[in-house]
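Descriptive structure summary
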Amino acid sequence: MSAEGPTIFVVDDDPSVLRSLERMFHTEGYAVRSFAQPRLMLACEPWPGPGCVVMDLRMPELNGLELQERLRQAGWRHPVVFISGAGDVPGAVRAMKAGAVDFLPKPVSAEVLLAAVLQALARDQASRAANAEREQLRLRFSTLSPREWDVCRGVARGLLNKQIAAELGTAEQTVRFQRGRVMAKLAVSSVPELVRLLDRLESRSGVNPQTE
């Protein structure tokens, strides 16, 4: 498998279905890894590249919902598309609440399944982009010292240098110097730009990087 292109992971205890799906995805140009038993996929390290999981809901060892949870606990973050031969509305509801992209009844047409897979891959790509942006933002803000972080917060609140100095119990000249360092480290040239950057950090992570 290549870490560059998406990989489809297929889990189904029906050998004929497994072979059929594997052939279909290969024909569409995807790398495929197929597993006849849930434990075989759980034995693999989480895949670091892009992809999605297509799995049956009803399997004897672990059902699809249990496998989905076990994969999440093991560090897999790929979107899941469920397929099932049994009309299981409660199972479908639980699957969607657990984050599944789609729940498709067997027999499922190639067109419908491929559309669901494309949706799953798009979700995976968006998640990866958001994670990359979050990490890049965290790295930029991690260069700030605790006091520079305090000054950054004050600037973002619209406080003047003398107001920040009064809050922090330091000299206005010191705050002016630290403010300049904050702007340089974050590579921003204006207060609105700094505010937008801080908003993006908090919306992506919800965490003050200085507290971690």
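Preceding this section is the structure that the text describes.
All of the points below concern the structure found in this document. (Residues numbered from 1 in each chain as written. Predicted model: local features only at pLDDT ≥ 70, side-chain atom pairs only at ≥ 80, totals over all residues. Heavy atoms only, no water.)

1. Notes on the packing of aromatic side chains
Summed over the entire model, instances satisfying the criterion amount to five aromatic pairs. Residues Phe82 and Phe103 carry aromatic rings whose centres are separated by 6.4 Å and whose planes lie at 40 degrees to one another, so their mutual orientation is tilted. Of the two residues, Phe82 is situated in strand β4 (residues 80-84) and Phe103 in strand β5 (residues 102-105); the sequence distance between them amounts to 21 residues. For the residue pair Phe82 and Phe103, the accessibility class agrees, reading buried in each case. (Phe/Tyr/Trp six-rings, centres within 6.5 Å; stacked < 30°, edge-to-face > 60°. Helix = DSSP H or I, 4+ residues; strand = E, 2+ residues; numbered from the N terminus. Buried < 20%, exposed > 50% of the residue type's maximum accessible area, 1.4 Å probe, protein only.)

2. Some points on the sheet that holds strand β1 (residues 7-11)
What holds strands together in a sheet is hydrogen bonding between their backbones, with the strands either parallel or antiparallel. Pairing is parallel in the open sheet, where five strands are placed in the order β2-β1-β3-β4-β5. Across the chains shown, the open sheet's two edge strands, defined by having one partner strand only, are β2 (31-35) and β5. Taking each pair of neighbouring strands and ignoring which way they run, the sheet shows an average axis angle of 20 degrees. As judged from the five bridges shared by β1 and β2, these two strands associate in the parallel manner. Considered in β2, the bridge of Ile8 is made with Val32. Across the sheet, helix α1 (residues 15-27) lies against β1, β2, β3 (51-56) and β4, angled at about 170 degrees from β2, the strand it touches most. Across the sheet, helix α3 (residues 64-74) is in contact with β1, β3 and β4; its angle to β3 comes to roughly 150 degrees. (Pairing = 2+ DSSP bridges. Axes fitted to C-alpha atoms, helices over the stretch in contact; angles between N-to-C directions. Contact = heavy atoms within 4.5 Å.)

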